[in-house]
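Structural overview for review
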Amino acid sequence: MIKVNLIALIHAKPGARETVVLDTSSIIVDDLDLGYLKGTLHFTRVAYGILVEGTLDAQVKTECTRCLTPFYQPVVIELEDTISLPGADLTPERPVRIAEDGWIDLSPLIRENAWVAVPVKPICSPDCQGICPDCGGNINLGECTCDKTTAIDPRWSALQALLETPG
Ligand SMILES: [Zn+2]
Ligand SMILES: [Zn+2]
């Protein structure tokens, strides 16, 4: 749950604004595991709801597509959504509603926009060496146990030919 209270905006005139600073660490929202979440959100009362706008810096736990190791991917989450007023129906376009007592759970908006911000093929580090195709070991961690010397360097093949010559 990522909750803010904006009770004053329910009864405010369109155009009224409030700013909320988020700075949290380690939150889990369904399938979303955030290492941290920080930034500033601006809430503006509009005719039929509350507009939320802002940019949040976060880390989303995901898996490296090269070495399959879980890691926290830094992302920038852009929010620009409308929050419904108390009593309004929730729809896929408007999944968030402010309660009578002013509380808003921003989780559905943050979750959706966070996953959009994660790259299609996340990589734990630009120089990640991935998994060995032969043994499946993580090369970054030195888990590959393959004996690479069986592949003969072309520079040595002449020498090997010599050694194999009888006599
Ligand atoms: Zn990796
Ligand atoms: Zn290997």
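A few words on the overall build of the protein chain. Each helix and strand counted, the protein chain has three helices and six strands in total. Written out in order from the N terminus, the α and β elements of the protein chain read β-α-β-β-β-β-β-α-α. Within the protein chain, the fraction of its 167 residues that count as buried is 13%. The contacts of the protein chain with a sequence gap of at least 6 include a subset with a gap of at least 24, amounting to 53%.

Positive phi, normally seen in glycine, also occurs at aspartate 30, with a value near 50°. With 8 C-beta atoms counted inside 10 Å, the residue aspartate 30 sits in the exposed group. For leucine 68, which is not glycine, the phi dihedral falls at a positive 65°. If you trace the backbone, leucine 68 turns up in the loop between strand S4 (49-63) and strand S5 (70-83).

Turning our eyes to something else, we now look at the sheet that holds S4. Read from one edge of the open sheet, four strands run S2-S3-S4-S5, paired in antiparallel fashion. Bordering the open sheet on either side are strand S2 (17-29) and S5, each of which pairs with just one other strand. The sheet shows a mean angle of 15° between the axes of neighbouring strands, direction not considered. Examined bridge by bridge, S4 and S5 share 14 bridges and lie antiparallel to one another. Each bridged residue has a counterpart across the sheet, and for isoleucine 50 the counterpart in S5 is isoleucine 83. Each of S2, strand S3 (32-46), S4 and S5 is contacted by helix H2 (residues 107-117), which is oriented at about 125° to S5, the strand it contacts most.

What follows deals with the confidence of the model for the protein chain. Overall, the predicted model of the protein chain reaches an average pLDDT of 89, with 88% of residues at or above 70. By mean pLDDT, helix H3 (residues 154-164) is the weakest element of the protein chain at 62, and S4 is the strongest at 96.

Turning next to the nonpolar core. Among the nonpolar cores identified, the biggest contains 18 residues, and Ile50, Ala58, Ile77 and Ala114 are the most heavily contacted of them. Looking at this core, the elements that each hand over two or more residues are S3, S4, S5 and H2. Take this core: its biggest share by element is five residues, from S4. If we ignore the near neighbours within four places in the chain, the residues touching isoleucine 50 are Leu6, Leu9, Phe43, Thr44, Arg45, Ile83 and Ile98.

Let us now look at the environment of aspartate 57. Along the chain, aspartate 57 falls in strand S4. By C-beta crowding, aspartate 57 is classed as partly exposed, having 14 other C-beta atoms within 10 Å. For aspartate 57 and proline 74, which are 17 residues apart along the polypeptide, the C-alpha to C-alpha distance reads 7.4 Å.

This part covers the pairing of S2. S2 sits mainly on the outside: zero of its 13 residues count as buried. Pairing geometry for S2 and S3, over 12 bridges, is antiparallel. Counterpart to threonine 19 in the pairing with S3 is histidine 42. Connecting S2 to the next strand, S3, in antiparallel fashion are two residues, including aspartate 30 with a positive phi near 50°.

Quick look at the environment of alanine 8 now. Here alanine 8 shows up in helix H1 (residues 7-10). Note: C-alpha distance between alanine 8 and glutamate 18 (10 residues apart in sequence) is 9.0 Å.

Conventions and cut-offs
Residues numbered from 1 in each chain as written. Chains lettered and ligands numbered in written order. Predicted model: local features only at pLDDT ≥ 70, side-chain atom pairs only at ≥ 80, totals over all residues. Helix = DSSP H or I, 4+ residues; strand = E, 2+ residues; numbered from the N terminus. Buried ≥ 20, exposed ≤ 12 C-beta atoms within 10 Å, placed from the backbone. Contact = placed C-beta atoms within 7 Å. Pairing = 2+ DSSP bridges. Axes fitted to C-alpha atoms, helices over the stretch in contact; angles between N-to-C directions. pLDDT = per-residue confidence, 0-100. Core = buried A, V, L, I, M, F, W, Y, C linked by C-beta atoms within 7 Å.

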